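# Summary of structural features
Now for the letters of each chain:
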Amino acid sequence: MEKAVPNGEGAMAAIIGLEESKLVAICKEDMGIVEPANFNTKEQIVISGETEAVKRVCKEAETAGAKRAILLPVSGPFHSILMKTIVEDFEKELNKHVFSDAQIPVINNVEAEPEKQADKIKKLLLRQIYSPVLWRQSVEKMVELGATKFEEVGPGNVLAGLVRRIVKI
């Protein structure tokens, strides 16, 4: 991923307490390349893009009523169009592996919809590199489909905390 954007030229920031439509509109202003990258909860959206553009959107978001705009300690502008240049390299890596249709539907974070077809899952993995993570929408879809329990696998508990803010189960 560092190959896509040199360190320091891209950034991400969490915008807290600003209506989604307002933040999307600010990102569309002539700020440079910056866009929503993670729709974590209704109250928290992460933006991603060129460092200076991200900083400008942070200031505009606070002016528009955001409670906070926090630059994140990350090495690049993940889940933004700036990552699209590495899709081909990642596709070469994915092609080294055999994918089978899923036995259990996978709720993908690109569309927040269930998917079982291996070829479609592979394409969605490629799109996820440069597309926003629809986390809130994915959790809501899982609950709509009957999920009643969520387990976080891996270090930390950030996702579990987000789930508790999205749904009450």
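Given the structure is predicted, the values throughout are model-derived calculations rather than measurements.

## As for the packing of aromatic side chains
For the structure on display, the rule yields zero aromatic pairs. Here Lys 84 stacks its cationic end above the ring of Tyr 130, 4.8 Å away from the centre of that ring.

## Observations regarding the nonpolar core
Of all hydrophobic cores here, the largest spans 20 residues; its most connected members are Ile 15, Leu 18, Leu 23, Val 34, Ile 47, Val 54 and Val 57. With five residues, helix 2 (residues 51-63) is the largest single contributor of residues to this core. When sequence neighbours within four positions are dropped, the list of residues in contact with Val 34 reads Cys 27, Ile 47, Ser 48, Gly 49, Ala 53, Val 54 and Val 57. In this structure, Val 5, Met 12, Ala 37 and Val 87 belong to the second largest nonpolar core, which totals 15 residues.

## Focus: unusual backbone geometry
Positive phi outside glycine occurs at His 79, with the angle close to 60°. Notably, Ala 112 is not glycine yet its phi reads approximately 60°, a positive angle. Mapped onto the secondary structure, Ala 112 falls in the loop between strand 5 (106-107) and strand 6 (114-115). Given the relative accessible area of 6%, Ala 112 is considered buried.

## Thoughts on the environment of Met 142
By the element assignment, Met 142 lies in helix 5 (residues 135-144). By relative accessible area, Met 142 is classed as partly exposed at 23%. With 29 residues separating them along the chain, Met 142 and Glu 113 place their C-alpha atoms 8.7 Å apart. Residues within four places of Met 142 in sequence aside, it is in contact with Ile 107, Ala 147 and Phe 150.

Thresholds applied
Residues numbered from 1 in each chain as written. Predicted model: local features only at pLDDT ≥ 70, side-chain atom pairs only at ≥ 80, totals over all residues. Heavy atoms only, no water. Phe/Tyr/Trp six-rings, centres within 6.5 Å; stacked < 30°, edge-to-face > 60°. Lys NZ or Arg CZ within 6 Å of the ring centre and 35° of its normal. Core = buried A, V, L, I, M, F, W, Y, C linked by side-chain atoms within 4.5 Å. Buried < 20%, exposed > 50% of the residue type's maximum accessible area, 1.4 Å probe, protein only. Helix = DSSP H or I, 4+ residues; strand = E, 2+ residues; numbered from the N terminus. Contact = heavy atoms within 4.5 Å.

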